[in-house]
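Listed below are the residues making up each chain.
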Amino acid sequence: MALVNAGVVVLDCAEPERLAEFYKGLLGAQESDVSANRIEIEGPGGFRMAFRRDVNATPPSWPRPENSLQVHLDFVVADLDEAERAIVGLGGRPVEAKDPVGPHEERGFSDPAGHSFTLRHALAPTAPKQG
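Residues numbered from 1 in each chain as written. Predicted model: local features only at pLDDT ≥ 70, side-chain atom pairs only at ≥ 80, totals over all residues. Heavy atoms only, no water.

### Overview of the overall build of the chain
Worth spelling out the cut-off: Secondary structure elements are taken from DSSP: a helix is a run of H or I of four residues or more, a strand is a run of E of two residues or more, and numbering for both begins at the N terminus. The buried label goes to any residue with under 20% of its type's maximum accessible area, the exposed label to any with over 50%, and the partly exposed label to all in between, with areas taken from a 1.4 Å probe on protein chains only. All accessible areas in this document rest on Shrake-Rupley with a 1.4 Å probe, and a residue is counted as covered only by the protein chains that are shown.
Check the secondary structure of the chain and you find two helices and eight strands. Order of helices (α) and strands (β) in the chain, N terminus to C terminus: β-α-β-β-β-β-α-β-β-β. Expressed as a percentage of its 131 residues, the buried residues of the chain come to 27%. About 8600 Å² of surface is accessible on the chain, with carbon and sulfur atoms providing 52% of the total.

Put into structure tokens, the structure is as follows:
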């Protein structure tokens, strides 16, 4: 028997309203629960995220080496160029990172609050991931 029945990815940020709008646009999601300090959204496939107000939140500096990446979101898309244009239109920004090694083409971004995420176009893997 599972100890946990459901989970939600929660991002701390200074402006949850702004971040919720960004991810609603990115995921085609709708608000499912709203309070003064937390907004939860749910995407068409049931993926849930929440944005919790933290007035002292500071964005990570990844990919700069002085602050290593702690966690990021990974999204699979059909068209990387189209998705990138939409993300920039929603207020996200590309981040520079070295080219990935392996069978996936990936691009790194940050949302309007500075949280890192990756867009990935999955190809059929030809070998196990190394490292």
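### Some points on the nonpolar core
Test applied: Only buried residues count toward a nonpolar core, which is a set of Ala, Val, Leu, Ile, Met, Phe, Trp, Tyr and Cys residues joined through side-chain atoms within 4.5 Å. In this analysis, two residues are considered to be in contact whenever any of their non-hydrogen atoms come within 4.5 Å of each other.
With 20 residues, the main nonpolar core has Y23, I41, F51, F117 and L119 as its most contacted residues. Within the residue set of this core, elements represented by two or more residues are β1 (9-13), α1 (16-27), β3 (38-42), β4 (48-53), β5 (73-76), α2 (80-90) and β8 (116-121). The element best represented in this core is α1, accounting for four residues. Beyond its immediate chain neighbours, meaning those up to four positions away, L119 contacts F75, V77, L80, A83, E84, I87, E105, E106, R107 and F109.

### Focus on the sheet that holds strand β7 (residues 105-110)
Test applied: Strand pairing is assigned whenever DSSP identifies at least 2 bridges connecting the two strands. Simply put, an axis is a line fit to the C-alpha atoms, just over the touching stretch for a helix, and the angle between two N-to-C directions goes from 0 to 180 degrees.
Read across the sheet, four strands follow the order β5-β8-β7-β6 without closing on themselves; strand pairing throughout is mixed. Single-partner strands in this sheet number two, and they are β5 and β6 (93-94). Bridge count for β5 against β8 is four bridges, and the pairing is parallel. Pairing of L73 across the sheet is with F117, part of β8. Most of the contacts of α1 go to β5, to which it runs at about 30 degrees, and overall it touches β5 and β8. In the packing of α2 onto the sheet, the strands contacted are β6, β7 and β8, and the crossing angle to β8 comes to about 155 degrees.

### Here's the deal with the pattern of salt bridges
What counts is decided by this rule: A carboxyl oxygen of Asp or Glu within 4 Å of a side-chain nitrogen of Lys or Arg is what we treat as a salt bridge.
Following the criterion strictly, the structure yields nine salt bridges and no others. With its nearest N and O atoms 2.9 Å apart, the salt bridge here joins D12 to R52. Highlighted residues: D12 in strand β1 and R52 in strand β4, separated in sequence by 40 residues. Using a relative accessible area of 30% as the deciding quantity, one classes D12 as partly exposed.

### Describing the side chain of D111
For clarity, the threshold we go by: We treat Lys and Arg as the positive residues and Asp and Glu as the negative residues; His and chain ends play no part in the count. The definition of a polar contact used here is a pair of N or O atoms within 3.5 Å, where within protein one atom must be able to donate a hydrogen and the other to accept one, and adjacent residues in sequence count solely through side-chain atom pairs.
Along the chain, D111 turns up in the loop between β7 and β8. Among buried Asp, Glu, Lys and Arg side chains, D111 stands out as unpaired, with R18 the closest opposite charge at 8.2 Å. A distance of 2.8 Å separates polar atoms of two side chains, one belonging to D111 and the other to Y23. Those residues in contact with D111 that sit more than four places away from it in its chain are L11, L19, F22, Y23, G92 and F117.

### Things to note about the pairing of β3
Along any regular strand, the residues point their side chains to alternate faces of the sheet. Here strand β2 (residues 30-34) pairs with β3 via four bridges, running antiparallel. Its bridge partner being in β3, V34 is matched across the sheet by I39. Linking two consecutive strands that pair antiparallel, namely β2 and β3, is a turn of three residues. As paired strands, β3 and β4 are joined by five bridges and run antiparallel to one another. Bridged to E40 within β4 is A50. Between β3 and the antiparallel strand that follows it, β4, lie five residues; G46 among them carries a positive phi value of about 95 degrees.

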